[in-house]
Amino acid sequence: MKRVAGYTLFWIAVGMLISLFISNTFWTVLLIFFLLLVGYNLFLC
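Reading the values: the criteria
Residues numbered from 1 in each chain as written. Predicted model: local features only at pLDDT ≥ 70, side-chain atom pairs only at ≥ 80, totals over all residues. Heavy atoms only, no water. Helix = DSSP H or I, 4+ residues; strand = E, 2+ residues; numbered from the N terminus. Buried < 20%, exposed > 50% of the residue type's maximum accessible area, 1.4 Å probe, protein only. Areas by Shrake-Rupley, 256 points an atom, 1.4 Å probe, with all protein chains shown as cover. Phe/Tyr/Trp six-rings, centres within 6.5 Å; stacked < 30°, edge-to-face > 60°. Expected span 1.5 Å × (residues − 1). Polar contact = N/O pair within 3.5 Å; in protein donor to acceptor, adjacent residues only side chain to side chain. Patch = residues over 30% accessible without salt bridge, like charges linked within 9 Å, V, L, I, M, F, W, Y side chains within 5 Å. Salt bridge = Lys/Arg side-chain N within 4 Å of Asp/Glu carboxyl O.

Novice: What should I look at first to understand the overall build of the chain in this one?
Specialist: A count of helices and strands for the chain gives 2 helices and 0 strands. If one aligns the C-alpha atoms of the chain with their principal axes, the spans along those axes are about 35 × 20 × 5 Å. With 45 residues in all, the chain has 2% of them scored as buried. Carbon and sulfur atoms make up 80% of the accessible area of the chain, which amounts to about 4500 Å² in all.

Novice: Just checking my understanding: could you explain the side chain of Thr28 for this structure?
Specialist: Among the secondary structure elements, Thr28 is positioned in helix H2 (residues 25-44). The class of Thr28 is buried, set by a relative accessible area of 17%.

Novice: It is not clear to me how the packing of aromatic side chains should be interpreted in this structure. Could you clarify?
Specialist: What describes a pair of aromatic rings is the distance from one ring centre to the other and the angle between the planes of the rings. Applying the stated rule across the entire model yields 3 aromatic pairs. Aromatic pair Tyr7 and Trp11: ring centres 6.3 Å apart, planes at 70 degrees, arrangement edge-to-face. Taken together, the residues Tyr7 and Trp11, both in helix H1 (residues 2-21) and 4 residues apart, mark about one turn of the helix. The class for Tyr7 is exposed, based on a relative accessible area of 56%.

Novice: What's the story with the environment of Phe43 in this structure? I'm lost.
Specialist: Topologically, Phe43 is positioned in helix H2. For Phe43 and Phe33, which are 10 residues apart along the polypeptide, the C-alpha to C-alpha distance reads 15 Å.

Novice: Honestly, H2 in this entry has me stumped. Any pointers?
Specialist: With 20 residues, H2 extends 29 Å from end C-alpha to end C-alpha; this agrees with the ideal 28 Å at 1.5 Å per step. Its side-chain oxygen at 3.3 Å from the backbone nitrogen of Phe26, Asn24 defines the N-terminal cap of H2.

Novice: Whenever I open this one, a nonpolar patch on the surface confuses me. Can you help?
Specialist: Side chains of Ile18, Leu31, Phe34, Leu35, Val38 and Leu42 sit close together on the surface and give an oily, nonpolar patch of about 530 Å² of accessible area. At 5 residues, H2 tops the list of elements feeding residues into the nonpolar patch. Leu42 gets classed as exposed once you look at its relative accessible area, which sits at 62%.

Spelled out as C-alpha cells, the structure:
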C-alpha cells in the first residue's frame, strides 16, 4: 500500500510541475480531465 501511495504522490508532483509550465488555464484543465479519464480507465481494467 505504501508503494501505491508513493507512486501516486510522485505523479501528482510531476503533474504540478507540468502545470507550472502551462500558463493557459484551459490547457491545464484539459490535461487534468484527460489524465483523470486515462487513470480511471487504467484503474478499472
